[in-house]
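# Close look at the chain arrangement
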Amino acid sequence: DFCLSRGLGDVYKRQGLKTIFDHTKPWTSETEEQVDEFYFHMYRRYWSSPVVRDILAKTPNVMMWDDHDIFDGYGSFPDEKQNSVSFQGIYQKARKYFCLFQLGTSFESPPSSTLKNQNALSQVYYLNRVSILSLDMRSERNRNQIISPKSWDAIQAYLNDLLNSDIHHLLVLSGVPVIYDTFDTAELFLEGSSIEIEDDLTDHWGHKNHKPEQELFISKLLDFSKKKKCRVTIVSGDVHVGCLGVIVDHKRASKPDADNTCVINNLTSSAIGSLSPHGFFVSALETNISLSQKPHIGNNIIGGLHEFKSVSNYHLGSRNYMSMNFQSDNSLKVIWYLEDKSKPVTVKSVTEKIFPYTTGRTIDVSY
């Protein structure tokens, strides 16, 4: 049994909504009613399925939406579409039912866990000296922004307040991984095309449009970890594979007195409602790792995926879910449970040369 379940969005993965709207057509009362009914019946159907119903009844949940809870790629479309009356009309309906079914509140009254002084819906929770920051990365997203400056200020104020708390660990929920494969070649090939995957690539923190924001985000977390002397872990989903991202403050890590606060891990599990990707997709990701440039984020910060030694891969291609268990010594044990695999992948302590092109010193990223 689990004491908390984390949902990172994409409740509905199909494209049914796209059959009833067109951003070039007028937003009518009939369309508004259709969209309202779509979201209501979608949630009712999914929340009534036996497995989901059982989890919701037995386990407290922390939930945050992603694009598919609105529609595929929302926030990463050109401004003409993104700001159209129909897109914004759909967004308002999606927000209404996200608040109702995932946050358990009304559209007009955000829950008390809502981060203060923001226009988005980021949430903050506390559990046994662990603070959880659940980031809303859809409400304010556009092709050049993931989170607004006002919301970044609110996040910084929250981190400043935590410095005076008694927490020993900060969990940050980011639906899209902060550290993942880089697809610079694919982006150049697809730029300006009509291929739908371009929207998916634009979603990533590592996309060229979002790299400054990625650096800002990581810098804030590393600075907090250093000042508070506690670990920070990012938890993600969305990408249909499991992976372990590692962020290192290279300057601090190279010092003799370096500790684990100079390391942040990004733990990613697959979507449990989607089938496993084809084998060639996972093979392509593995090949992409070997072809990608060395991961440099900026300001002496490096980040990249770490290999799962037990399977000799950087990506877990089987559909999976992830459990996180704090031990009596406040260490964190993480297990990926793989579909059709008898032995789960466990990460409790990784002590090795993570990036051989850094100083070459051994960095312990155990929790």
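Computed from a prediction, not measured in an experiment: that's the story for all the values here.

Here 8 strands make up an open sheet; going across it, the order is S3-S4-S5-S6-S8-S7-S10-S9 and the pairing mixed. Only two strands of the sheet have a single neighbouring strand rather than two, namely strand S3 (123-127) and strand S9 (296-298). In this sheet, adjacent strand axes meet at a mean angle of 20° when their direction is disregarded. Bridging between strand S4 (residues 130-134) and strand S5 (residues 169-173) involves 5 bridges; their strand directions are parallel.

Ranked by internal contacts, the top residues of the largest apolar core, which has 38 residues, are Leu 170, Val 172 and Trp 205. Broken down by secondary-structure element, the contributors of at least two residues to this core are helix H5 (149-162), S5, helix H8 (211-228), strand S6 (231-236), strand S7 (243-249) and strand S10 (301-306). Residue contributions to this core peak at 6 residues, all from H5. For Val 172, the contacting residues outside a window of four places in its chain are Leu 133, Leu 135, Phe 217, Leu 221, Val 232, Thr 233, Ile 234 and Val 235.

What follows covers the confidence of the model for the chain. In this model, the chain carries a mean pLDDT of 83, and residues with pLDDT of at least 70 account for 84%. Mean pLDDT per element in the chain: strand S14 (residues 351-352) is the minimum at 32, and H5 is the maximum at 98. Within the model, the stretch residues 192-198 combines pLDDT values under 50 with 9 contacts to residues more than four positions away or in other chains. This stretch, residues 349-367, has a pLDDT under 50; its non-local contacts, to residues over four places away or in other chains, come to 57 contacts.

On to unusual backbone geometry, then. Notably, Asp 238 is not glycine yet its phi reads approximately 80°, a positive angle. Mapped onto the secondary structure, Asp 238 falls in the loop between S6 and S7. In this structure Asp 238 comes out as partly exposed when scored by relative accessible area, which is 21%. For Ser 312, which is not glycine, the phi dihedral falls at a positive 55°.

Here the focus is the pairing of S7. It is a general feature of regular strands that their side chains alternate between the two faces of the sheet. Of all the 7 residues making up S7, 7 are buried; the element is thus mostly covered by neighbouring parts of the structure. Covered by surrounding structure in S7 are Cys 243, Gly 245, Ile 247 and Asp 249 together with Leu 244, Val 246 and Val 248, the residues of both alternating faces. Bridge analysis of S7 against strand S8 (residues 263-268) gives 6 bridges, and the strand direction is antiparallel. Of the residues in S8, the one forming a bridge with Leu 244 is Leu 267.

For the rest of this paragraph, the subject is the packing of helix H1 (residues 29-47) against helix H4 (residues 85-101). Packed helices, taken two at a time, are described by the angle between their axes plus the distance between the axes. Running from N to C, H1 and H4 cross one another at 30°; their axes reach a closest spacing of 9 Å. What the angle tells us is that H1 and H4 run roughly parallel. Of the two possible hands of crossing, H1 and H4 adopt the one that is right-handed. Residue-level inspection shows Glu 32, Val 35, Asp 36, Tyr 39, Phe 40, Tyr 43, Arg 44 and Trp 47 of H1 in contact with H4, the latter providing Ile 90, Lys 93, Ala 94, Lys 96, Tyr 97, Phe 98 and Phe 101. Here the contact of H1 with H4 is composed, by residue class, of 10 nonpolar, no polar and 5 charged.

A few words on the environment of Val 124. Positionally, Val 124 belongs in strand S3. According to the relative accessible area criterion, Val 124 is buried, its value standing at 12%. It is 8.8 Å that separates the C-alpha atoms of Val 124 and Tyr 158, two residues lying 34 residues apart in sequence. When near neighbours in sequence (up to four residues on either side) are disregarded, Val 124 contacts Ser 113, Leu 115, Ser 131, Ile 132, Leu 133 and Tyr 158.

In this section: the packing of aromatic side chains. In the structure shown here, the tally under the stated rule is 19 aromatic pairs. Between the aromatic rings of Trp 65 and Tyr 91, the centroid separation amounts to 5.7 Å while the plane-to-plane angle is 45°, which identifies the pairing as tilted. Of the two residues, Trp 65 sits in the loop between strand S2 (61-63) and helix H3 (79-82) while Tyr 91 sits in helix H4, which places them 26 residues apart along the sequence. Residue Trp 65 shares its accessibility class with Tyr 91, and that shared class is buried. Between Trp 65 and Phe 98 the ring centres are 4.7 Å apart and the planes differ by 15°, which places this aromatic pair in the stacked class.

Criteria and thresholds
- Residues numbered from 1 in each chain as written.
- Predicted model: local features only at pLDDT ≥ 70, side-chain atom pairs only at ≥ 80, totals over all residues.
- Heavy atoms only, no water.
- Pairing = 2+ DSSP bridges.
- Helix = DSSP H or I, 4+ residues; strand = E, 2+ residues; numbered from the N terminus.
- Axes fitted to C-alpha atoms, helices over the stretch in contact; angles between N-to-C directions.
- Core = buried A, V, L, I, M, F, W, Y, C linked by side-chain atoms within 4.5 Å.
- Buried < 20%, exposed > 50% of the residue type's maximum accessible area, 1.4 Å probe, protein only.
- Contact = heavy atoms within 4.5 Å.
- pLDDT = per-residue confidence, 0-100.
- Parallel < 35°, antiparallel > 145°, perpendicular 65-115°, else oblique.
- Left-handed = near helix turned anticlockwise from the far one by under 90°.
- Nonpolar A, V, L, I, M, F, W, Y, C, P; charged D, E, K, R; others polar.
- Phe/Tyr/Trp six-rings, centres within 6.5 Å; stacked < 30°, edge-to-face > 60°.

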